[in-house]
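Take a look at the letters that make up each chain.
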Amino acid sequence: MSWARTLLLKMSQSHWLRERAPQYSFVKRGVARFMPGDKAEDAFGAVRELNAKGIGCVLTALGENVTERAEAEAETAHYEDVLGQIWVQRLPAEISVKLTHLGLDLDREFCFANLSRLIGCSPSGKTVWIDMEQSSYVDATLELYRRAREQDADVGVCVQAYLRRTEDDLRKLVPLGGAIRLVKGAYNEPEDVAFPQKSDVDENYFRLTQLLLGEEARRAGLRCAIATHDTRLIARIQVWAAANGLQKSQLEFQMLYGIQRAEQLRLAAEGCRSVVLVAYGKYWFPWYMRRLAERPANVWFLARNLFSS
Ligand SMILES: Cc1cc2nc3c(=O)[nH]c(=O)nc-3n(C[C@H](O)[C@H](O)[C@H](O)COP(=O)(O)OP(=O)(O)OC[C@H]3O[C@@H](n4cnc5c(N)ncnc54)[C@H](O)[C@@H]3O)c2cc1C
């Protein structure tokens, strides 16, 4: 892992920076590349614009690790409103939540009750996605996902290709059907938990995609979302899928708002399912630092903003 990535991921965990950095206008201008705005209405606007281009959306209200039950309840109520708006406005969108935003650090049962409330009011046919956070949360996250699947909920979970355990996890998750979003992984993890070499992560990603698109997964009715901006990996997966008799319409790619826009459009035009995760909200600092860490060259955009302010 490069020193710049490590530093940015450490910064993402700093409470001191979280309080202060968002007050600076050059930092706010930097994050604007990755977010349509602070409010749910800004995200709805982005959903309409992307829909006009054949792209679907997943919405996420930024925030994590809440420390008060009232905060988790307020976030759950916010998501209920968003799901209501998705239904009323017929928006082609789903939601994705972080379990620590719904109170996982406080009480697992309380968090599950909040998640179940959201699943209960999600419009029919719309998946409620669960993000994956640091490796210390994987067991709890997968347990709550499994419990939701036992109740036949329309729910999806994210898994991270950088984790050594993920292949074993997937062998148990695939028969449950449901939905799985595969990502490389965005946190700072020790070497005994996550592959330190990017090439190993990329190779594992390809192997895991084959598992998620394989015969057993298809039999179980699993929805697989290939969430990456890595155009070489996408091309390799497309070639493999075609050689194995999959139609383009059976492939779903997910990307983040503002990243690889041309590729998002290309995939939609080709007939693949192209989906963009649109984040919004005030608590964007840790999330933004993870976006910078994914591509430390992004720091230059931030520096340019500083000198042009
Ligand atoms: C829909 C979606 C949901 C996600 N949910 C989670 C989650 O729940 N948990 C989790 O740990 N991670 C999540 N991630 C983040 C993920 O783990 C990676 O950190 C992120 O996607 C970067 O990896 P990559 O696959 O794009 O490949 P990389 O090899 O990192 O990037 C490939 C190329 O994409 C471009 N790129 C990638 N990131 C950026 C960026 N920030 N800015 C500009 N260009 C960039 C660059 O051109 C880069 O060369 C999610 C990602 C997506 C797309």
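Everything below is about the structure shown above.
Let me begin by describing the structure that accompanies this report. (Residues numbered from 1 in each chain as written. Predicted model: local features only at pLDDT ≥ 70, side-chain atom pairs only at ≥ 80, totals over all residues. Heavy atoms only, no water.)

Time to look at the site of the ligand. If you check the shell around the ligand, you find 26 residues, and the closest are Gly 185, Lys 198, Thr 228, His 229 and Glu 294. A distance of 3.1 Å separates an oxygen atom of the ligand from a polar atom in the backbone of Ala 186. Side-chain polar atom of Glu 294 to an oxygen atom of the ligand: 2.6 Å apart, as the coordinates give it. Here the ligand, which alone exposes 930 Å², has 87% of that area covered by the protein. If you list the elements that add at least two residues to the shell around the ligand, you get β4 (155–160), β5 (179–183), β7 (252–256) and α13 (285–294). The dominant element in the shell around the ligand, judged by the number of residues it contributes, is β7, at three residues. The residue makeup of the shell around the ligand, split by class, is 11 nonpolar, seven polar and eight charged. (Near = heavy atom within 4 Å. Polar contact = N/O pair within 3.5 Å; in protein donor to acceptor, adjacent residues only side chain to side chain. Areas by Shrake-Rupley, 256 points an atom, 1.4 Å probe, with all protein chains shown as cover. Helix = DSSP H or I, 4+ residues; strand = E, 2+ residues; numbered from the N terminus. Nonpolar A, V, L, I, M, F, W, Y, C, P; charged D, E, K, R; others polar.)

Read around the closed barrel, the eight strands follow the order β1-β2-β3-β4-β5-β6-β7-β8; overall the barrel is parallel. Geometrically, the sheet is characterised by an average inter-axis angle of 30 degrees between neighbouring strands, direction not taken into account. Where β5 meets strand β6 (residues 223–227), four bridges bridge the pair, whose relative direction is parallel. Looking at β6, one finds that Ala 179 is bridged to Arg 223. The strands touched by helix α4 (residues 40–51) within the sheet are β1 (56–61), β2 (93–97) and β8 (273–280), with β8 carrying the most contacts at an inclination of about 160 degrees. (Pairing = 2+ DSSP bridges. Axes fitted to C-alpha atoms, helices over the stretch in contact; angles between N-to-C directions. Contact = heavy atoms within 4.5 Å.)

All right, on to the pairing of β5 then. Of all five residues that make up β5, five are buried, and the element is covered over most of its length. Going residue by residue along β5, you find Ala 179, Arg 181 and Val 183 tucked away on one face and Ile 180 and Leu 182 tucked away on the opposite face as well. Relative to β5, β4 is paired through five bridges, and the arrangement is parallel. Bridged to Val 157 within β5 is Ile 180. (Buried < 20%, exposed > 50% of the residue type's maximum accessible area, 1.4 Å probe, protein only.)

Let us now look at the packing of aromatic side chains. The relation between two aromatic rings is expressed through the spacing of the ring centres and the mutual angle of the planes. Tallied over the entire structure, the rule returns two aromatic pairs. Taking 6.0 Å as the distance between ring centres and 80 degrees as the angle between the ring planes, the aromatic pair formed by Trp 284 and Tyr 288 counts as edge-to-face. Among the residues examined, Trp 284 registers a relative accessible area of 5% and is labelled buried. Note on Tyr 288: relative accessible area 1%, which makes it buried. Each residue in the set Phe 34, Trp 284 and Tyr 288 is aromatic and connected to the rest through ring pairs, giving one cluster. Over the ring of Phe 110 we find Arg 69, and its NZ or CZ is 4.1 Å from the ring centre. (Phe/Tyr/Trp six-rings, centres within 6.5 Å; stacked < 30°, edge-to-face > 60°. Lys NZ or Arg CZ within 6 Å of the ring centre and 35° of its normal.)

Moving on: the packing of helix α11 (residues 231–243) against helix α12 (residues 261–270). Their axes nearest at 12 Å, the elements α11 and α12 cross at an angle of 15 degrees. Classified by the angle their axes make, α11 and α12 are roughly parallel. Our pair here, α11 against α12, has a crossing hand that is right-handed. For the pair α11 and α12, the contacting residues are Thr 231, Ile 234 and Gln 238 in the first and Glu 263, Arg 266, Leu 267 and Glu 270 in the second. (Parallel < 35°, antiparallel > 145°, perpendicular 65-115°, else oblique. Left-handed = near helix turned anticlockwise from the far one by under 90°.)

The next thing to look at is the pattern of salt bridges. Applying the stated criterion across every chain yields a total of 24 salt bridges. Residue Arg 69 is joined to Asp 107 by a salt bridge in which the shortest nitrogen-to-oxygen separation is 3.7 Å. A residue pair is termed long-range when its members are at least 10 positions apart, and Arg 69 in helix α5 (residues 69–88) and Asp 107 in the loop between β2 and α6 (108–121) qualify at 38 residues. According to the relative accessible area criterion, Arg 69 is partly exposed, its value standing at 43%. Look at Asp 107 and you get partly exposed, because its relative accessible area is 28%. Two residues, Glu 270 and Arg 266, come together in a salt bridge whose shortest N-O distance is 2.5 Å. Here Arg 266 and Glu 270 lie together in helix α12, a separation of four residues that amounts to about one turn. Residue classification places Arg 266 among the partly exposed positions, given a relative accessible area of 31%. Where salt bridges share partners, they join Glu 94, Arg 223, Glu 252 and Arg 273 into one cluster. (Salt bridge = Lys/Arg side-chain N within 4 Å of Asp/Glu carboxyl O.)

Moving on, we get to helix α8 (residues 166–173). Count 3.6 residues to each turn of an α-helix, and residues three or four apart come out pointing the same way. Every buried residue of α8 is accounted for by Thr 166, Asp 169, Leu 170 and Leu 173. Seen end-on, α8 carries its buried residues on one side only, within an arc spanning 100 degrees. Every exposed residue of α8 that faces more than 90 degrees away from the buried side is listed here: Asp 168 and Lys 172. Where α8 is buried, its residues touch α7 (138–150), β4, β5 and α9 (198–212). (Arc of directions from axis to C-beta.)

Structural measurements only, silent on function.
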